[in-house]
Number of protein chains: 2
Amino acid sequence: MDSALQPPPPKTRRRRKDARPAEIIDAGLAEFAEHGFAGTKLEDVARRAGIVKGTIYRYFDSKDALFEAALKARLTPLIDEVEQLVATFPGSSTELLRLAMRLAYGRMFQPDAQALMRIIISEGRRFPAITELYHRETVAKGRRMIAAIVARGVARGEFRAGAAADLPIVVMAPAIMAAVWKMTFEPFDPLDLEKFAAAHADLALDGILTRGVTAL
Amino acid sequence: MDSALQPPPPKTRRRRKDARPAEIIDAGLAEFAEHGFAGTKLEDVARRAGIVKGTIYRYFDSKDALFEAALKARLTPLIDEVEQLVATFPGSSTELLRLAMRLAYGRMFQPDAQALMRIIISEGRRFPAITELYHRETVAKGRRMIAAIVARGVARGEFRAGAAADLPIVVMAPAIMAAVWKMTFEPFDPLDLEKFAAAHADLALDGILTRGVTAL
DNA sequence: TCCACTAATGACTTAAAAGTCATTATAAAG
DNA sequence: CTTTATAATGACTTTTAAGTCATTAGTGGA
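These numbers were taken from a predicted model, which means no experiment stands behind them. (Residues numbered from 1 in each chain as written. Chains lettered and ligands numbered in written order. Predicted model: local features only at pLDDT ≥ 70, side-chain atom pairs only at ≥ 80, totals over all residues. Heavy atoms only, no water.)

### Regarding the protein's contact with DNA strand D
Every one of the 22 residues lining DNA strand D counts as a neighbour, but Arg 15 and Tyr 59 of chain A together with Arg 13, Arg 15 and Lys 41 of chain B are closest to it. Close to the protein, within 4 Å, the atoms of DNA strand D are drawn from sugar and phosphate at a rate of 60%. Measuring from a phosphate oxygen of DNA strand D, one finds a backbone N or O atom of Arg 14 of chain A at 3.2 Å. Here a phosphate oxygen of DNA strand D and a side-chain polar atom of Lys 41 of chain B are 2.9 Å apart. At the level of elements, helix H3 (53-59) of chain A together with helix H3 (53-59) of chain B are the ones that each hand at least two residues to the surface near DNA strand D. Looking at the surface near DNA strand D, the element that brings in the most residues is H3 of chain A, giving four residues. Class assignment for the residues of the surface near DNA strand D results in five nonpolar, four polar and 13 charged. (Near = heavy atom within 4 Å. Polar contact = N/O pair within 3.5 Å; in protein donor to acceptor, adjacent residues only side chain to side chain. Helix = DSSP H or I, 4+ residues; strand = E, 2+ residues; numbered from the N terminus. Nonpolar A, V, L, I, M, F, W, Y, C, P; charged D, E, K, R; others polar.)

See the structure below:
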């Protein structure tokens with residue numbers, strides 16, 4: 001059932017200079033996500049990539065080098081155009097926020113994004129340069145995006161000002177918790193992403209929408 | 001400046017049969033939190049505990065055994081009485097929710113609790129039994145507590161029913177994100193806990209409170 | 001004060017995984 | 001078809017850290 005999917009590994013040697021690095025990186029990312037940096041064996045990475053350990057060293061100088069290369073290669077920066085979108089979006093801020101949340105959920109739960117996140121959380125402290133890069137290209141941009149959306153909503157009178165509007169990251173926070181939950185407790189206490197995203201939107205919107213009358 | 005705080009390690013051997021295990025566990029927990037399971041060297045644990053590697057084996061059979069013992073020893077279960085509290089609390093559900101949030105923030109950001117959390121997130125997949133224990137004693141109880149509070153609020157007409165009330169964990173989610181944030185991005189983008197907790201309460205409450213009139 | 005028990009030591013063995021390199025075999029060029 | 005360059009191999013060395021144990025020395029009891 002497993003071997004039926006992959007083409008059975010060719011018995012003959014193959015020289016594939018330009019396909020190798022990406023394959024090694026894929027294999028490495030998967031192993032690093034599963035076992036952490038220290039727990040990953042290059043022999044396992046090699047096996048997963050269908051090669052032999054020595055071959056890795058033709059393309060990467062060391063385990064460290066592979067680790068950095070893998071993360072850098074698979075780190076997809078948030079496109080800056082998202083900010084453009086916020087500036088030119090025609091609809092209501094509620095629609096815009098919902099759109100942003102859909103984008104966030106659609107993206108954060110991709111296997112690759114999850115692997116990256118897990119690695120950053122687990123190993124980030126030991127690789128500050130990479131954490132900083134990840135933060136700059138992903139986290140900070142996401143934060144700015146939410147801030148822009150909330151600011152727009154407040155400016156147009158659709159969202160109320162207040163503590164949440166001052167620290168807009170709190171609006172997206174549940175999505176991040178969901179990601180962490182999935183990578184940790186999913187086997188024991190699975191989380192229904194659809195329902196969760198709905199609950200998140202429900203909570204966030206009714207917390208941030210202006211209303212005619214405020215109770216209490 | 002470092003050596004001024006600790007009493008300088010005694011040059012003479014000391015026999016301290018009953019103090020050792022806890023000291024080794026403390027040292028181990030710190031090292032595991034910092035370097036992960038595979039990345040932790042028992043020699044470093046020993047140095048941190050002011051002993052020598054061999055001594056660890058007098059008290060623990062293996063690295064694995066120390067790891068499990070350390071986590072189990074420092075895992076403080078949420079007390080079941082919290083549910084009692086919910087049942088007998090005299091004030092409004094808003095007050096009760098705020099109280100629960102204060103408890104959660106007060107507890108989750110203790111160094112020990114943070115270390116535990118970081119280890120569970122990083123290593124949990126490889127130690128399912130411990131993850132399950134952590135989930136049962138901490139996560140599930142916390143979840144039940146929030147659910148009880150929200151249910152009470154809905155029953156008393158203070159909180160509105162809806163998606164968020166159906167999945168009450170979303171109400172606490174931002175606190176968990178804050179914990180993850182602190183353990184990962186604090187050096188690059190520090191998070192002001194006071195402000196964050198306020199923003200969280202602001203968002204959550206205004207999302208969950210019933211109101212006379214609902215806009216849009 | 002001395003003895004006996006055992007906590008603690010540190011030098012040791014073992015295991016495992018990182019990293020190296022001479023050899024082999026593939027593919028592309030002539 | 002042959003040659004040449006080099007990607008790939010796998011057996012190798014080195015390094016690192018887990019785990020062992022005979023020896024040493026604190027400590028509580030006689």
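### Observations concerning the relation of the copies chain B and chain A
For the pair chain B and chain A, the best superposition has an RMSD of 0.1 Å and corresponds to a rotation of 180 degrees with a translation of 0.0 Å parallel to the axis. As the rotation angle and translation indicate, the two copies are arranged about a two-fold axis. Interface overlap between copies is the fraction of interface residues in one copy that are interface residues in the other; for chain B against chain A it reaches 100%, indicating a shared surface. (Least-squares fit on C-alpha atoms with pLDDT ≥ 70 in both. Contact = heavy atoms within 4.5 Å.)

### Some remarks on the protein's contact with DNA strand C
Among the 22 residues in the neighbourhood of DNA strand C, the closest are listed as Arg 13 and Arg 15 of chain A together with Arg 15, Arg 16 and Tyr 59 of chain B. Within 4 Å of the protein, atoms of DNA strand C come from sugar and phosphate in 61% of cases. At 3.2 Å from a phosphate oxygen of DNA strand C is found a main-chain nitrogen or oxygen belonging to Leu 42 of chain A. At 2.3 Å, a side-chain N or O of Tyr 59 of chain B approaches a phosphate oxygen of DNA strand C. Those elements that place two or more of their residues in the surface near DNA strand C are H3 of chain A together with H3 of chain B. Of the residues contributing to the surface near DNA strand C, the split by class is five nonpolar, four polar and 13 charged.

### Remarks on the interface of chain B and chain A
In this complex, chain B contributes 55 residues to the contact, which on the side of chain A involves 55 residues. Counting the surface lost from both chain B and chain A, the interface buries some 5000 Å², and carbon and sulfur atoms represent 70% of this. Where chain B meets chain A, there are six salt bridges. For Arg 160 of chain A, the salt bridge is made with Asp 202 of chain B, and the minimal N-O distance between the two is 3.3 Å. Considering every element that reaches the side of chain B that touches chain A, the biggest residue donor is helix H10 (residues 169-184) of chain B, with twelve residues. Taken together, the residues of the side of chain B that touches chain A sort by class into 29 nonpolar, 13 polar and 13 charged. (Buried area = accessible area lost by both parts, 1.4 Å probe. Salt bridge = Lys/Arg side-chain N within 4 Å of Asp/Glu carboxyl O.)

### Let's talk about the pattern of salt bridges
All names here are of chain A. Scanning the model with the defined rule gives 36 salt bridges over all chains in all. The partner of Glu 23 in a salt bridge is Arg 20, and the shortest N-O contact between them spans 3.5 Å. With Glu 23 and Arg 20 both in helix H1 (residues 20-39), this residue pair falls three residues apart, about one helical turn. Take Arg 20: its relative accessible area is 10%, and that puts it in the buried class. A single salt-bridge network, built from bridges that share partners, covers Glu 132, Arg 136, Glu 137 and Lys 141. (Buried < 20%, exposed > 50% of the residue type's maximum accessible area, 1.4 Å probe, protein only.)

### Here's the deal with the domain arrangement of chain A
Residues and elements named next belong to chain A. Here the domain parsing of chain A yields domain 1 (20-74) and domain 2 (81-208). For domain 1 versus domain 2, the separation of C-alpha centres amounts to 30 Å. Counting residues at the interface gives eleven residues for domain 1 and ten residues for domain 2. Taken together, both faces of the contact between domain 1 and domain 2 bury some 1000 Å²; the carbon and sulfur share is 79%. (Domains from an automatic or database assignment.)

### A closer look at the packing of helix H5 (residues 81-88) of chain B against helix H8 (residues 128-155) of chain B
Residues and elements named next belong to chain B. Running from N to C, H5 and H8 point in directions that differ by 5 degrees, and their axes come no closer than 10 Å. On the basis of their axis angle, the class for H5 and H8 is roughly parallel. For the pair formed by H5 and H8, the contact residues are Val 82, Glu 83 and Val 86 on the first element and Arg 144, Met 145, Ala 148, Ile 149 and Arg 152 on the second. A per-class count over the contact of H5 with H8 returns five nonpolar, no polar and three charged. (Axes fitted to C-alpha atoms, helices over the stretch in contact; angles between N-to-C directions. Parallel < 35°, antiparallel > 145°, perpendicular 65-115°, else oblique.)

### Topic: empty space enclosed by the protein
Taken as a whole, this structure holds four cavities of 30 Å³ or more when the rule is applied. Quantified by volume, the largest cavity comes out at close to 90 Å³. Lining of the largest cavity is provided by 16 residues; of these, Gly 36 and Glu 123 of chain A together with His 35, Gly 36 and Glu 123 of chain B occupy positions nearest its centre. Class assignment for the residues of the lining of the largest cavity results in four nonpolar, eight polar and four charged. (1 Å grid on protein atoms, 1.4 Å probe; cavity = no way out; pocket = protein on both sides within 12 Å on 5 of 7 lines; lining within 4 Å. Points joined across faces, edges and corners; volume = space filled by probe spheres on them.)

### A word on the packing of aromatic side chains
All names here are of chain A. By the definition in use, this model includes 16 aromatic pairs over all chains. Judged by centre distance (4.5 Å) and plane angle (40 degrees), the ring pair of Phe 67 and Phe 127 falls under tilted. Separated by 60 residues along the polypeptide, Phe 67 in helix H4 (residues 63-74) and Phe 127 in the loop between helix H7 (111-123) and helix H8 (128-155) bring together distant segments of the chain. Like Phe 127, Phe 67 is buried. (Phe/Tyr/Trp six-rings, centres within 6.5 Å; stacked < 30°, edge-to-face > 60°.)

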